[in-house]
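Structure assessment
Residue strings, one per chain:
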Amino acid sequence: VNKKIVTLLTDFGLTDSYVAEMKAVILSICPNVTIIDISHVIAEYNIRMGAYLLARSVEYFPLGTIHVAVVDPGVGGPRKPILVETNKGFLVGPDNGLLMLAAEKQGIKHVYKIENKKYMLPKISETFHGRDIFAPTAAYLALGIPPQEFGKEVFDYVKPSFSEPKIQKNKIFGEIIHIDHFGNLVTNIKPELLYEKKVEYGSHLKIALGKRKPVKTVFLRTYSEAPQGKILVMVGSGDFIEISANLANAAKLLNAKIGMKIILIL
Amino acid sequence: VNKKIVTLLTDFGLTDSYVAEMKAVILSICPNVTIIDISHVIAEYNIRMGAYLLARSVEYFPLGTIHVAVVDPGVGGPRKPILVETNKGFLVGPDNGLLMLAAEKQGIKHVYKIENKKYMLPKISETFHGRDIFAPTAAYLALGIPPQEFGKEVFDYVKPSFSEPKIQKNKIFGEIIHIDHFGNLVTNIKPELLYEKKVEYGSHLKIALGKRKPVKTVFLRTYSEAPQGKILVMVGSGDFIEISANLANAAKLLNAKIGMKIILIL
Amino acid sequence: VNKKIVTLLTDFGLTDSYVAEMKAVILSICPNVTIIDISHVIAEYNIRMGAYLLARSVEYFPLGTIHVAVVDPGVGGPRKPILVETNKGFLVGPDNGLLMLAAEKQGIKHVYKIENKKYMLPKISETFHGRDIFAPTAAYLALGIPPQEFGKEVFDYVKPSFSEPKIQKNKIFGEIIHIDHFGNLVTNIKPELLYEKKVEYGSHLKIALGKRKPVKTVFLRTYSEAPQGKILVMVGSGDFIEISANLANAAKLLNAKIGMKIILIL
């Protein structure tokens, strides 16, 4: 049988030993596991960014993968630690919506509250449940402990109310949910919304960021079809509409930020 | 038998191929090993920060783990490469104090000078002993070569003289030894010092940074017990007193730097 | 038999899930593989920097290692995806010169165009061939699929025309090809050029950056032989001449940038 994979996604950054301590705990409990980092540079406390990156990456991992995600502004407070059993594997983390985009994509089977101290570190800090609760949970799942052993099934978990795009006549109102390393603006708009409106590669359209004046642009297949430095609209690799620039940083060119409203005028 | 774990902690940063070259050397000598990064973003030449992060993380790794740490401003000069055998595993790196907080925590059995060229790369550069000496040492240890094969036992290794907190009446004088990704100020003050003075969760106290005016604050169990953006004092996940802020960056709020003196006024 | 090693070098940065998606694809196809990151912080679209770091690190990996490198400004355009079989292993990436310094160092046996859709993801995005083409190629190579199965042999691949140093009397004209985390300036000048001119450790020489006035310096064995904060010339760990400073950042001291011309005046 193949080694189980455990993935980690956090807002812990790369300077501290926090991520290494989680890995140490996992390997101490279940040595025969492959640990893969998804990202540790989620913007601090930015649950939506974490949820987006988790949801887009889970589909590429093998069946049975255990995903641990910790963007946890409420650590030590009343929020529950949870464990989601999906049709494809497991998701472990705080009950604040972080896991739910990925969980819905995979198909939710059961959600459990993590409360059995047998599967936690003996000493639980108030500030680092990633190491003391979530890492051991992942490791014991990898060992084959059934999910219902960790605590009782719950139904009152947080369903995230992330904004959804709206259509009015020839306008699609969306939001920038992520800006990647290259400055590409990832929106919450699925390409199907454009296809329904008969937008095709080569179609001209306008984009408006926040309350700014609309800018003319084109819907293209890939970066290099636009002149160097020019803004284009395309389908990103996460299957959302992205605003990009050929060999340039669209976020800088447009002075865009995560969370900004965006209107596509077709 | 389980695969040996080798950990790496350096100030090499994440841009260059230095860390990858160390991993390549280790895997070339001992393919059956799991390599875990603790941190490669130790502030350049900052031995104390490296020593703190190494010491706090080693306790979570399994027995027998081999830790390689390279924060090495004296590379190529007269400082010795050393190998420490502890009660829990091995520590490998330069003889400048970097390894010694972790070594003392684990219990030192023997310290050896690394001098047997049989266990180094054939060509040793003047500037990259991480790849040419320390990585092969770790790999040969993982293969089972006994530590005394690498060189003679030494007793004149560097014992770091990191500052210790002092108590005068109702004041504890300490130092900021680390600032984490979230802006939490990690001090060198153990929580026991507060407990001895009958400080309890909810107790009010003042903190003074450097020569600045004292600021009123509270000793709390976790971030979310403080109002948003407010400074609090708590026990950090590394079991030292930390100065934090709820959903905010204490280092920015207080304009704090690593190495600053701090006074807790109880 | 030992597990195959797959290495990854990209300009994708560390914030996004792009690298994790590549790893997920590799592990889904070939679970029994060790994945090592060389660097994901190559300056965006900087093929030369990527080529330098790839070429210097490949020699430390075991025979048979499969290296995937993606610095790919032309993704989705007409540039070919290629696979290079060398005397030491395989290199996979875009046909833009990125792989060729490493390939020449290892000895090129054959170059193949990657075109067999059987060994790609079923859905190929226009912008992320790292995940959809190069990662599966590496995984199928690790499974033992012979390289000629991926596509036809090609001979018109891009040979990079990176600048070479020139010698005129007592001057060596070179270029800064990389600046590392510590601010060391890596030049394209091999130490042999200095040895041929009878430059020895301790020899005095001048360096001129761009069109600036020459600065006096010394050729030394290691950093610590120079006074603290002073510029020196030495042989770097990648076996090129580097301009460094003892316990200081030479790039900041000299206000140097990648791509600058440099003259060594012997």
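Check the entry above for the structure.
Heads up: these notes are all about the structure in this document. For clarity, every value in this text was computed on a predicted model and none was experimentally measured.

Residues and elements named next belong to chain B. Read from one edge to the other, the open sheet built from 6 strands follows the order 2-1-3-5-4-6, with strand pairing classed as mixed. Of all the strands in the sheet, the pair left with one neighbour each is strand 2 (33-39) and strand 6 (108-113). Strand-to-strand twist in this sheet, taken as the mean axis angle between neighbours without regard to direction, amounts to 20 degrees. For strand 3 (residues 66-70) and strand 5 (residues 90-94), the ladder comprises 3 bridges, and the chain directions are parallel. Looking at the pairing, H67 lines up with L91 of strand 5.

This part takes up the pattern of salt bridges. By the definition in use, this model includes 42 salt bridges over all chains. Note that D37 of chain A is salt-bridged to K23 of chain A, the shortest N-O span being 2.9 Å. Here K23 of chain A lies in helix 1 (residues 18-29) and D37 of chain A lies in strand 2 (residues 33-39), a separation of 14 residues in the sequence. The partner of D132 of chain C in a salt bridge is R131 of chain C, and the shortest N-O contact between them spans 2.7 Å. No difference in accessibility class separates D132 of chain C from R131 of chain C, as the two residues are buried. Here the salt bridges share partners, and the residues they tie into one network are E21, R131 and D132 of chain A together with R56 of chain B.

Of the transformation placing chain A onto chain B, the axial shift is 0.0 Å and the rotation is 120 degrees, giving an RMSD of 0.0 Å. Read as a symmetry element, the transformation amounts to a three-fold axis. Interface residue correspondence from chain A to chain B reaches only 7%, placing this contact among heterologous pairings that use different surfaces.

Moving on, we get to the pairing of strand 2 (residues 33-39) of chain C. Residues and elements named next belong to chain C. With 6 of 7 residues buried, strand 2 is to be regarded as a mostly interior element. Here strand 1 (residues 4-10) pairs with strand 2 via 6 bridges, running parallel. The residue of strand 2 that forms the bridge with L9 is S39. Each parallel crossover has a hand, and the one from strand 1 via helix 1 (residues 18-29) to strand 2 is right-handed.

Residue and element names in this part refer to chain C. The end-to-end C-alpha distance of helix 2 (residues 47-58), which contains 12 residues, comes to 16 Å, matching closely the 16 Å that a straight helix rising 1.5 Å per residue would cover. Taking burial as the measure, the 12 residues of helix 2 include 12 buried ones, the bulk of the element. Buried residues of helix 2: I47, R48, M49, G50, A51, Y52, L53, L54, A55, R56, S57 and V58, and no others.

Bringing the relation of the copies chain A and chain C into the picture now. At an RMSD of 0.0 Å, chain A and chain C line up after a rotation of 120 degrees and a shift of 0.0 Å along the axis. The fraction of interface residues of chain A whose copies in chain C are also interface residues is only 6%, indicating that the copies meet through different surfaces.

On to the packing of helix 1 of chain C against helix 4 (residues 129-143) of chain C. Residues and elements named next belong to chain C. Put simply, helix 1 and helix 4 touch, their axes get as near as 8 Å, and they point 35 degrees apart. Crossing hand, helix 1 versus helix 4: right-handed. Note on element contacts: helix 4 touches helix 1 through G130, R131, A135, P136, A139, Y140 and L143, opposite E21, M22, V25, I26 and I29. Its residues assigned to classes, the contact of helix 1 with helix 4 comprises 9 nonpolar, 1 polar and 2 charged.

Residues and elements named next belong to chain B. Residue position: L54 is located in helix 2 (residues 47-58). What makes L54 buried here is its relative accessible area of 0%. As for L54 and K159, which are separated by 105 residues in sequence, their C-alpha atoms are 16 Å apart. Ignoring any residue separated from it by four or fewer positions in sequence, one finds L54 in contact with L9, I38, H67, A69, L91, L98, L99 and A102.

Criteria and cut-off values
Residues numbered from 1 in each chain as written. Chains lettered and ligands numbered in written order. Predicted model: local features only at pLDDT ≥ 70, side-chain atom pairs only at ≥ 80, totals over all residues. Heavy atoms only, no water. Pairing = 2+ DSSP bridges. Helix = DSSP H or I, 4+ residues; strand = E, 2+ residues; numbered from the N terminus. Axes fitted to C-alpha atoms, helices over the stretch in contact; angles between N-to-C directions. Salt bridge = Lys/Arg side-chain N within 4 Å of Asp/Glu carboxyl O. Buried < 20%, exposed > 50% of the residue type's maximum accessible area, 1.4 Å probe, protein only. Least-squares fit on C-alpha atoms with pLDDT ≥ 70 in both. Contact = heavy atoms within 4.5 Å. Right-handed = clockwise from strand over helix to strand, strands pointing away. Expected span 1.5 Å × (residues − 1). Left-handed = near helix turned anticlockwise from the far one by under 90°. Nonpolar A, V, L, I, M, F, W, Y, C, P; charged D, E, K, R; others polar.

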